[in-house]
Amino acid sequence: MKLLFVGDVVGGIGRRTLASLLPGIRDAHEPDFVVVNGENSAGGVGISQKTARELLEMGADAITLGNHAYRHREVYDLLDREERIVRPANYLKGSLGRGHTVVERDGMRLGVVNLSGLVFLQAVRSPFAEADAVLAELRDRADAVLVDIHAEATSEKVAMGWHLDGRVTACVGTHTHVPTADARVLPGGTAYVTDVGMTGPRGGVIGVKREQALERFLSLTNVRFETSEEDPWLNALLVEADGEGRATAVEQLLMPARL
C-alpha cells in the first residue's frame, strides 16, 4: 500500500498548487490513498463547503482538519454528513463531525484519525488517551491507519510518534506549516514526521503576506492577514507499507509549483 499525505492546504493558492501537481504525483508514485489536511483551505483559515468539495473532487480520499475546523459556520452540516472529513477526535464528544473514518479502495481499508495537541491549542481530552481509544474502535476495521496530529509543540508530536510506533502505519504532524527534516520509519514500523509542512505560498510567513506579518510583529497591533500568492510549493509525505500495515519506506515531497 502507498499513502500520500498532503500538508496543510492554504487558501486558493494552495488549492491551485495541489490541483497542478497532484496528477503528476499520481503518475510517478501511484498512491493507493490520498489524504489532505484542509484546515486552512478557505481563505487561509478553516474549511468551507466549496473548498471541501474541491479537495474531494481533486481526488482526496479523506480530509483532516485542526484547530480551525469550526471557523466557517456554513460547513457545519457538511462535517456531520461527509464521512470523508475528520476533525480532531479529542474535541467534545458531542462536537460536530467525527474524529476518525475508514475509507476503502480496491479491497484495502485505510483508517484516518485526526488529533489536536493540547500545548498552546484547545482540546478537551488528552490526544494520547484518545488515540488509544480510537485505535481500539478501529481494530479489525482497517488494514492500515494514518494519524494526523495537529499540534503546535514539536515535543508533543514527537511523543505521539513514539506512543503510536508499531500500532499505526503513519503518524504525521501538521499545523506549523514548516516541513521538518526528521521523516523516518520508527523501529516498530510507523512512518513519522514532526511536520509535513504546507501546500501554499512559501514566499509569505507560514502562508500570510509577509509585509502584514512583519507589521504585526513590528507594531504589536492588530493586522488583518491575507494569504500570500508568492512562491507556491506542495509539501507532502509518501509512505509505503507492507501487507500488515507496517511502514517500510517514507519520502518527503517538497515541490515548487509553476502556476
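No experiment lies behind these values; they were computed from the predicted model shown.

(A) Molecular detail of the packing of helix 1 (residues 11-29) against helix 2 (residues 49-58). Axis separation between helix 1 and helix 2 bottoms out at 10 Å; the angle between their running directions is 15 degrees. As summarised for this structure, helix 1 and helix 2 are arranged roughly parallel, according to the angle between their axes. The handedness of the crossing between helix 1 and helix 2 comes out as right-handed. Residues Arg15, Leu18, Ala19, Leu22 and Arg26 of helix 1 form the contact with helix 2, whose participating residues are Lys50, Thr51, Glu54, Leu55 and Met58.

(B) Inspection of the environment of glutamate 226 at higher detail. Inspection of the secondary structure puts glutamate 226 in the loop between helix 6 (210-219) and strand 13 (232-241). Separated by 83 residues in sequence, glutamate 226 and aspartate 143 place their C-alpha atoms 41 Å apart. In contact with glutamate 226, not counting residues within four places along its chain, are Gly207, Val208, Lys209 and Gln212. Reaching out from glutamate 226, the side chain makes a polar contact with the side chain of arginine 224 at a distance of 3.3 Å.

(C) Representation of the packing of aromatic side chains. For the structure on display, the rule yields 2 aromatic pairs. Where tyrosine 70 meets tyrosine 76, the ring centres are 5.8 Å apart and the plane angle is 80 degrees; that geometry is what we call edge-to-face. The class for tyrosine 70 is partly exposed, based on a relative accessible area of 24%. Centre to centre, the rings of tyrosine 70 and tyrosine 91 are 6.0 Å apart; their planes meet at 50 degrees, and the pair counts as tilted. Within this pair, whereas tyrosine 70 is found in the loop between strand 4 (62-64) and helix 3 (76-81), its partner tyrosine 91 is found in the loop between strand 5 (85-86) and strand 6 (100-105), the two being separated by 21 residues in sequence.

(D) Fine view of the environment of methionine 1. Position of methionine 1 among the secondary structure elements: in the segment before strand 1 (2-6). Residues methionine 1 and alanine 249, spaced 248 residues apart in sequence, show a C-alpha to C-alpha distance of 11 Å. With sequence-adjacent residues up to four places away left out, methionine 1 is seen in contact with Asp32, Phe33, Met108, Arg109, Asp143, Ala144, Val239, Glu240 and Ala241.

(E) Layout of helix 5 (residues 154-164). Looking only at helix 5, the buried set comprises Glu156, Lys157, Met160, Gly161 and Leu164. Summarising the axial view, the buried residues of helix 5 lie within an arc of 140 degrees, below the 170-degree limit, and thus occupy one face. Its buried side turned inward, helix 5 meets strand 7 (108-116), helix 4 (127-138), strand 8 (144-150), strand 9 (170-174) and strand 11 (191-193). One or two residues past the end of helix 5 sits glycine 166, with phi positive at roughly 90 degrees.

Criteria and thresholds
All residue numbers refer to positions counted from 1 along the written sequence of the respective chain. Residues qualify for local features only when their pLDDT is at least 70, as the model is predicted, and side-chain atom pairs are given and counted only at 80 or more; totals for whole chains, interfaces and linings, by contrast, use all residues. To obtain the side-chain values, all non-hydrogen atoms of the structure were included, while hydrogens and water were left out. Helix axes are fitted to C-alpha atoms over the stretch in contact, other axes to C-alpha atoms as well, and angles between N-to-C directions run from 0 to 180 degrees. Helix and strand assignments follow DSSP, with helices taken as H or I runs no shorter than four residues and strands as E runs no shorter than two, numbered in order from the N terminus. For classification purposes, an angle smaller than 35 degrees is called roughly parallel, one larger than 145 roughly antiparallel, one from 65 to 115 roughly perpendicular, and anything else oblique. What makes a crossing left-handed is the near helix being turned counterclockwise from the far one by less than a right angle; a clockwise turn instead makes it right-handed. Only heavy atoms enter the contact rule, under which two residues are in contact if any of them lie within 4.5 Å. Polar contact is the term for a pair of N or O atoms within 3.5 Å; when the atoms are in protein, one must be able to donate a hydrogen and the other to accept it, and sequence-neighboring residues count only if both atoms are side-chain atoms. Think of it this way: a Phe, Tyr or Trp ring, Trp meaning its six-membered ring, pairs with another when their centres are within 6.5 Å, and the plane angle makes it stacked under 30 degrees, edge-to-face over 60, tilted otherwise. Remark: exposure states derive from per-residue accessible area (1.4 Å probe, protein chains only) relative to the maximum for the residue type, with buried under 20%, exposed over 50%, and partly exposed in between. Of all possible arcs, the one meant is that of the directions from the helix axis to the C-beta atoms.

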